[in-house]
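A structural walkthrough
The lines below spell out each chain.
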Amino acid sequence: MPSIDIERNGFSIVKGILDEESRQELIRDIERCLVESPAGVRGLVAKVPSVARLAASAAVRSLVASELGSEPKLVRSILFNKSADANWQVAWHQDLAIAVTGQGEIEGYSSWSVKEGILHVQPPVHVLEQMLTVRLHLDPADDTNGALWVSPGSHRFGRLRASEAARTAEQNGKHLCVVQAGDALLFRPLILHASRKATSTTPRRVIHLEFSATPLPPPLLWAEAAA
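Residues numbered from 1 in each chain as written. Predicted model: local features only at pLDDT ≥ 70, side-chain atom pairs only at ≥ 80, totals over all residues. Heavy atoms only, no water.

Re helix H7 (residues 162-172)
Filter applied, for reference: The classification of residues rests on relative accessible area computed with a 1.4 Å probe and restricted to protein chains. Under 20% of the type maximum is buried, over 50% is exposed, and intermediate values are partly exposed. The numbering of helices and of strands both runs from the N terminus, where a helix is a DSSP run of H or I of at least 4 residues and a strand a run of E of at least 2. Think of the arc as the fan of directions from the helix axis to the C-beta atoms. Contacts were defined at the residue level, with two residues in contact if any of their heavy atoms lie within 4.5 Å.
All buried positions along H7 are accounted for by Glu 164, Ala 165, Thr 168 and Ala 169. The buried residues of H7 occupy one face: seen down the axis, they fall within an arc of 130°. Turned more than 90 degrees from where H7 packs its buried face, Ser 163, Glu 170 and Gln 171 sit exposed. Elements in contact with the buried residues of H7: strand S4 (90-93). Positive phi appears at Gly 173, one or two residues downstream of H7, with a value of about 110°.

Here it is, written out as structure tokens:
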């Protein structure tokens, strides 16, 4: 069960969440966005109605509810499109920033930044511990086209310095998350993860959805939950 895997390992792969008809519809719809932004798109649910329906679907919500309870909110949505024309490597890291609206001097919230016009901040660890990421794969992914590597169990190490990430992953162990088209990869933001540059021409299109059931202190709001 995903809940057991996620508690112990920090991640879980769930097979066949997207059927072929839904997958093809999503591919058609996101291709329009990729014309202007070939590597990916932030704020995806506001731009692609089929992605909004997917995020609210019973299949996705049941996965999230098993980890976060009955009322989780979608708080960020991103499309990642790794291809021969948009190819990059991501070093070992944790997902430490959240997308918000509002800004203020709040204890535990630091490292403010703006990405594509969206305000981001690093919250206290307890906020990140109560989040769940769902990555829905529109294509098969393995090491040749940039599948995600994770370090199992590293979500339990708390917030790590960037300089510690690669060494910690090497010492703790690494696992390649090979998936098929339509599979979902669930993980905790604090798990160490990375991906290599693609060496094949097979695309790796991923719908990345982040959920939380934790309210933020005023004046902060989750950016996409507030939209």
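That was the structure; now back to the text.
A few points about helix H2 (residues 20-34)
Basically, it comes down to this: One less than the number of residues in a helix, times 1.5 Å, gives the span that helix is expected to have. Whenever two N or O atoms come within 3.5 Å, that pair is a polar contact, provided that in protein one can donate a hydrogen and the other can accept it, and provided that, for residues adjacent in sequence, both atoms are side-chain atoms.
Between its first and last C-alpha, H2 extends 21 Å over 15 residues, near the 21 Å set by a 1.5 Å rise per residue. Tucked inside the fold, the buried residues of H2 contact strand S2 (40-42), helix H3 (44-47), helix H4 (49-55), strand S3 (73-82) and strand S13 (204-212). Taking the backbone nitrogen of Glu 21 as reference, a side-chain oxygen 3.3 Å away marks Asp 19 as the first, capping residue of H2.

Considering unusual backbone geometry
Among all residues save glycine, negative phi is the norm, and among peptide bonds the norm is trans. A cis geometry characterises the amide bond from Pro 218 onward to Pro 219, with omega recorded as 10°. Following the sequence through the fold, Pro 219 ends up in the loop between S13 and strand S14 (221-222). Despite not being glycine, Glu 116 shows a phi value in the positive range, around 50°. Owing to a relative accessible area of 61%, Glu 116 belongs among the exposed residues under this scheme.

Structural notes on the environment of Glu 210
With respect to the helices, strands and loops of the structure, Glu 210 is situated in strand S13. For Glu 210, a relative accessible area of 3% translates into the label buried. If sequence neighbours within four positions are ignored, Glu 210 has contacts with Lys 73, Leu 74, Val 75, Arg 76, Met 131, Leu 132 and Thr 133. Only 2.8 Å separates the side chain of Glu 210 from the side chain of His 208, close enough to count as a polar contact.

Remarks on the pattern of salt bridges
Test applied: Counted as salt bridges are all cases of a side-chain nitrogen of Lys or Arg within 4 Å of a carboxyl oxygen of Asp or Glu.
What the rule picks out here adds up to 13 salt bridges. Ionic pairing is found between Arg 8 and Asp 5, a salt bridge with its closest N-O pair at 3.3 Å. With Arg 8 and Asp 5 both in helix H1 (residues 2-9) and three residues apart, the pair spans about one turn of that helix. For Asp 5, a relative accessible area of 24% puts it in the partly exposed group. Arg 196 is the salt-bridge partner of Asp 143, the closest N and O atoms lying 2.8 Å from each other. Placement of Asp 143 in the loop between strand S8 (131-137) and strand S9 (148-150) and of Arg 196 in the loop between strand S12 (193-195) and S13 is noted, with a sequence separation of 53 residues between them. Overall, the relative accessible area of 24% leaves Asp 143 in the partly exposed class. Bridged by salt links that share partners, the residues Glu 31, Asp 139 and Arg 205 form one connected network.

That is the geometry; function is a separate question.
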